[in-house]
Amino acid sequence: MTATPARFATWSQESAVALLAETSTGPGPVLLSLQAVQDRFGYVPAEAVSLIADACNVSRADVHGVLTFYTDLRTSPPPDVPVRLCAAEACQSVGGRELKRDWERRCGESAELAEATGADEPVFCLGNCALAPAALVGGVLVGRATVEKVESMVHGSRQESP
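Every chain begins its residue count from 1, and numbering advances along the sequence as written. Selection of residues for local features in this predicted model requires a pLDDT of at least 70, selection of side-chain atom pairs for listing and counting requires 80 or more, and totals for whole chains, interfaces and linings are taken over all residues. Side-chain numbers here rest on the full set of heavy atoms in the structure, without hydrogens or water.

## What about the sheet that holds strand S3 (residues 140-142)?
Strand pairing in a sheet takes place through backbone hydrogen bonds and is either antiparallel or parallel in direction.
1) Next: Strand order across the open sheet formed by three strands is S1-S2-S3, with antiparallel pairing between neighbours. The open sheet has two free edges, formed respectively by strand S1 (83-85) and S3, since each of these has just one partner strand. Each neighbouring strand pair of the sheet contributes to a mean axis angle of 20°, computed without reference to strand direction.
2) Next: Across three bridges, S1 lies against strand S2 (residues 135-137) in antiparallel orientation. Bridge assignment links Val-83 to a residue of S2, and that residue is Val-137.
3) Next: Any two residues having at least one pair of non-hydrogen atoms within 4.5 Å are treated as being in contact. Every axis in this analysis is a line fitted to C-alpha atoms, fitted for helices over the stretch in contact. Angles between the N-to-C directions lie between 0 and 180 degrees. Helix and strand assignments follow DSSP, with helices taken as H or I runs no shorter than four residues and strands as E runs no shorter than two, numbered in order from the N terminus. Set on the sheet, helix H8 (residues 147-160) makes contact with S1, S2 and S3; between it and S2 the angle comes to about 20°. Any two strands between which DSSP finds at least two bridges are classified as paired.

## Overview of helix H6 (residues 96-109)
1) Next: With 14 residues, H6 extends 20 Å between its outermost C-alpha atoms, agreeing within 8% with the 20 Å of an ideal straight helix rising 1.5 Å per residue.
2) Next: Every buried residue of H6 is accounted for by Gly-96, Leu-99, Trp-103 and Cys-107. Angularly, the buried residues of H6 cover 65° about the axis, an arc narrow enough to put them on a single face. Of the exposed residues in H6, those oriented more than 90 degrees away from the buried face are Arg-97, Gly-108 and Glu-109.
3) Next: Summarising the contacts, the buried residues of H6 are in contact with S1, helix H5 (89-93), helix H7 (111-117) and H8. How far a helix is expected to stretch is found by multiplying one less than its residue total by 1.5 Å. Burial classes follow relative accessibility: with a 1.4 Å probe on protein chains only, a residue under 20% of its type's maximum area counts as buried, one over 50% as exposed, and anything between as partly exposed. To obtain the arc, one takes the directions from the helix axis to the C-beta atoms.

## Some points on the packing of aromatic side chains
For any pair of aromatic rings, geometry is given as the distance between the ring centres together with the angle between the planes.
1) Next: In summary, the pairing rule links any two rings of Phe, Tyr or Trp, Trp by its six-membered ring, whose centres are within 6.5 Å, and it sorts them by plane angle into stacked for under 30 degrees, edge-to-face for over 60 and tilted for everything else. The final tally for this structure, using the stated rule, is two aromatic pairs.
2) Next: A centroid spacing of 5.0 Å and a plane angle of 70° characterise the contact between Trp-11 and Phe-41, whose relative ring orientation is edge-to-face. You can see Trp-11 sitting in the segment before helix H1 (13-23) and its partner Phe-41 sitting in helix H2 (residues 29-41), a full 30 residues away along the chain.
3) Next: Note on Phe-41: relative accessible area 0%, which makes it buried.
4) Next: Between the aromatic rings of Phe-69 and Tyr-70, the centroid separation amounts to 4.9 Å while the plane-to-plane angle is 85°, which identifies the pairing as edge-to-face.

## Quick notes on the pattern of salt bridges
1) Next: Salt bridges, as used here, are contacts in which a Lys or Arg side-chain nitrogen is within 4 Å of a carboxyl oxygen on Asp or Glu. Evaluation of the coordinates by the stated rule reveals six salt bridges.
2) Next: Glu-104 serves as the salt-bridge partner of Lys-100, at 3.0 Å between the closest nitrogen and oxygen. Taken as a pair, Lys-100 and Glu-104 lie in helix H6 at a separation of four residues, close to a single helical turn.
3) Next: For Glu-104, a relative accessible area of 44% gives the class partly exposed.
4) Next: Close ionic contact of Asp-102 with Arg-101 constitutes a salt bridge, the shortest N to O distance being 3.3 Å.
5) Next: Beyond isolated ion pairs, a larger network of salt bridges with shared partners links Arg-101, Asp-102 and Arg-105.

## Brief notes about the nonpolar core
1) Next: In this structure, Leu-34, Val-37, Val-44, Ile-52, Val-63 and Leu-67 are the most contacted members of the largest nonpolar core, which totals 18 residues.
2) Next: Beyond its immediate stretch of four places on either side in the chain, Leu-67 contacts Leu-34, Val-44, Val-49, Leu-73 and Thr-75. Throughout this description, the term nonpolar core refers to a set of buried Ala, Val, Leu, Ile, Met, Phe, Trp, Tyr and Cys residues connected via side-chain atoms within 4.5 Å.

## Structural notes on unusual backbone geometry
1) Next: In this model, Ala-132 is joined to Pro-133 through a cis peptide bond whose omega is -5°.
2) Next: Its identity as a non-glycine residue notwithstanding, Asn-57 has a phi of 55°, on the positive side.
3) Next: Tracing the chain through its elements places Asn-57 in the loop between helix H3 (46-56) and helix H4 (60-69).
4) Next: Taking relative accessible area as the criterion, Asn-57 reaches 72% and is therefore assigned exposed.
5) Next: Positive phi outside glycine occurs at Cys-125, with the angle close to 110°.
6) Next: Judged by its relative accessible area of 40%, Cys-125 falls in the partly exposed class.

Spelled out as structure tokens, the structure:
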């Protein structure tokens, strides 16, 4: 199991219950509650599903359905520096597929890099088409992304982390 990156709180049921008391009121509480848990802990632990269901007065199946529908919601801790490569047409047309292939190769050569960044989770448009191919490295948008630029940002992000 990977450790929770420092920018997120460590999971605790008590902390989650307090958080859900703040977010489970008003319209659309299931999605808002899932997002709040993920924002606080970096992911939505399995234990949170029943807490959210109770707080929102819905079934666990309803919460699970929302959790599994939205691809941006995670059920496992995120890597230290998540890397997401744009897979939309504009990025593909200027080297996005090659960037993905080369990034996978680079991660295959470096276990440390692969562990730090996790599996590439494609994203379908980062809104940076004019500077394609685009990537999101640790939440930072990268234009005209190359393997070297992405790797440099990963190493920079890891050095900045506490």
